[in-house]
Structures are given as C-alpha cells and as structure tokens.
Amino acid sequence: MPLPDHIVIRRTGPEDWAVFRDLRLRMLADTPLAFLETLEHARQLGEDEWRRRAGSGAEADTPWFVAEDVTTGGWAGIMGGRLDGGDPLLVGVFVDPEHRGRESGVTDALLDGVEDWARGRGDRILLHVHEDNPRAIAFYRRRGFVPTGRLVPYPLPPYGEERELRKALR
C-alpha cells in the first residue's frame, strides 16, 4: 500500500532531537520488551545525548529512518540500521498504533528504507525480536525474514529470549 501524500520517509539529524526523544519515550511506554532500554533510563537522558542519538541517523553506519507527517511535523514511526563490521542489523522498530497495519503503508515504507540502505552493505539483513512479540514476528515473516535458529538472551525484565531473523537482500 502506498504512503499517504502527507507522510514522507527521511533520515534524522541532530536538529530532530526533541521529536526523536518524544518518539523514543512513546516507544518504550508502548512496547518495552522490544528495546534494550527502559523508559526510566531514557527519561533521565539530557539534550546532548538526544542530539547525539538523533544525529547518528545521518551517519553512514547508523541510519534512522522516520515516517514524518509533513502537515503536523509529528512522526508516525521509526526504524534504524546498524553496521558493526558484520551483517547490517535492523534496530529500533516502532510505528505508532494509529499508523500500524498494512493499509497505512508506514511500516512497509520504513522497512523499505532500511533495506535499501542495507543492500549497499551486505547480502542479508538481520534482526532480533523478542519471542513474546508475535505482531512484530508476523510482520517480519510477511516481509521475507526467516529464523536463523540463533537465540539471544534479552537482558531486561521480562527477560526471555530474542529470535534472530534474517532476510536475503539479493
């Protein structure tokens, strides 16, 4: 489904720090087991850290793609990538509840952005998803991700494990 005309996908920069922070806090409140950070920790961070995080989205190895509503300036969702010397990794996935679902096109458009970035950096992209996040697992499977068989311990309550999934990019 194509995006509505008022939603654009773009990369973040340091000037986006306040909107980036607000979205991150919504992410952590909505789906705490999807991120390796607690809401309490994120609330304590200062402006310099938020500027650094938002600014990293413009860097080659750590992009952040946001779905911005150009009529309001609000963000409907975010996805990031990270390259640590191995395969590209999908990180920080969140779409606001009112923009979720195939019909809105936001989640698919954000993933398209990350996959386009990853294609220049590897033959596949990886991600880790908590075993108790069936909505996310279903989306990734619909988009062609398959389990690698690797499980990664999730270090925060409620603990458990994250499944590693991969998708061929070529």
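Keep in mind the model is a prediction, meaning the values are calculated, not measured. (Residues numbered from 1 in each chain as written. Predicted model: local features only at pLDDT ≥ 70, side-chain atom pairs only at ≥ 80, totals over all residues. Heavy atoms only, no water.)

Draft legend 1. Broad picture of the overall build of the protein chain. Helix and strand content of the protein chain: 5 helices and 7 strands. Overall, the protein chain shows an N-to-C arrangement of helices and strands of β-α-α-α-β-β-β-α-β-α-β-β. Relative to the globule expectation of 15 Å for 170 residues, the C-alpha radius of gyration of the protein chain, 15 Å, shows essentially globular dimensions. In terms of overall dimensions, the protein chain has C-alpha extents of about 40 × 35 × 30 Å along its principal axes. Put simply, the protein chain has 170 residues, and 46% of those count as buried. Look at the contacts in the protein chain between residues 6 or more apart in sequence, and 64% of them connect residues 24 or more apart. As displayed, the protein chain offers around 8,600 Å² of accessible surface, 52% of which is attributable to carbon and sulfur atoms. (Helix = DSSP H or I, 4+ residues; strand = E, 2+ residues; numbered from the N terminus. Rg over C-alpha atoms; globule rule 2.2 N^0.38 Å. Buried < 20%, exposed > 50% of the residue type's maximum accessible area, 1.4 Å probe, protein only. Contact = heavy atoms within 4.5 Å. Areas by Shrake-Rupley, 256 points an atom, 1.4 Å probe, with all protein chains shown as cover.)

Draft legend 2. Inspection of the sheet that holds strand β5 (residues 124-130) at higher detail. With respect to topology, 7 strands assemble into an open sheet ordered β1-β2-β3-β4-β5-β7-β6, the strand pairing being mixed. Single-partner strands in this sheet number two, and they are β1 (7-11) and β6 (146-153). If you compare each strand with its neighbour and ignore which way they point, the axes differ by 25 degrees on average. With 5 bridges connecting them, strand β3 (residues 75-82) and strand β4 (residues 89-95) associate as antiparallel partners. Each bridged residue has a counterpart across the sheet, and for G81 the counterpart in β4 is L90. Running at roughly 90 degrees to β3, helix α1 (residues 17-30) makes contact with β2 (64-69), β3 and β4 of the sheet. Relative to β5, helix α5 (residues 134-142) is tilted by about 160 degrees, and along the sheet it contacts β3, β4, β5, β6 and β7 (161-168). (Pairing = 2+ DSSP bridges. Axes fitted to C-alpha atoms, helices over the stretch in contact; angles between N-to-C directions.)

Draft legend 3. Representation of the nonpolar core within the structure. L90 and Y140 are the most contacted members of the largest nonpolar core, which totals 24 residues. Contributing elements (two or more residues each) for this core: β2, β3, β4, α4 (106-119), β5 and α5. With 6 residues, the top contributor of residues to this core is α4. Filtering out sequence-adjacent residues up to four positions away, Y140 remains in contact with L90, V93, L127, V129, F145 and L165. Ranked by size, the runner-up nonpolar core spans 18 residues in total, among them F20, L39, A54 and W75. (Core = buried A, V, L, I, M, F, W, Y, C linked by side-chain atoms within 4.5 Å.)

Draft legend 4. Summary view of the side chain of D16. By secondary structure assignment, the location of D16 is in the loop between β1 and α1. Classification of D16 as buried rests on a relative accessible area of 9%. With sequence-adjacent residues up to four places away left out, D16 is seen in contact with R10, R11, A54 and W75.

Draft legend 5. Spotlight on the packing of aromatic side chains. Tallying each qualifying case throughout the model produces 5 aromatic pairs. Plain terms: the ring middles of F20 and W50 are 6.3 Å apart, the flat faces sit at 55 degrees to each other, and that makes the pair tilted. Here W50 lies in helix α3 (residues 47-55) and F20 lies in helix α1, a separation of 30 residues in the sequence. Residue W50 is classed as buried on the basis of its relative accessible area of 0%. Between F20 and W75, the aromatic rings sit 6.4 Å apart at their centres with planes inclined by 90 degrees, giving edge-to-face as the arrangement. Highlighted residues: F20 in helix α1 and W75 in strand β3, separated in sequence by 55 residues. Given the relative accessible area of 5%, W75 is considered buried. Three or more aromatic residues joined by ring pairs form one cluster here, namely F20, W50, W64 and W75. A cation sits over an aromatic face here: R53 above W50, 5.0 Å from the ring centre. (Phe/Tyr/Trp six-rings, centres within 6.5 Å; stacked < 30°, edge-to-face > 60°. Lys NZ or Arg CZ within 6 Å of the ring centre and 35° of its normal.)

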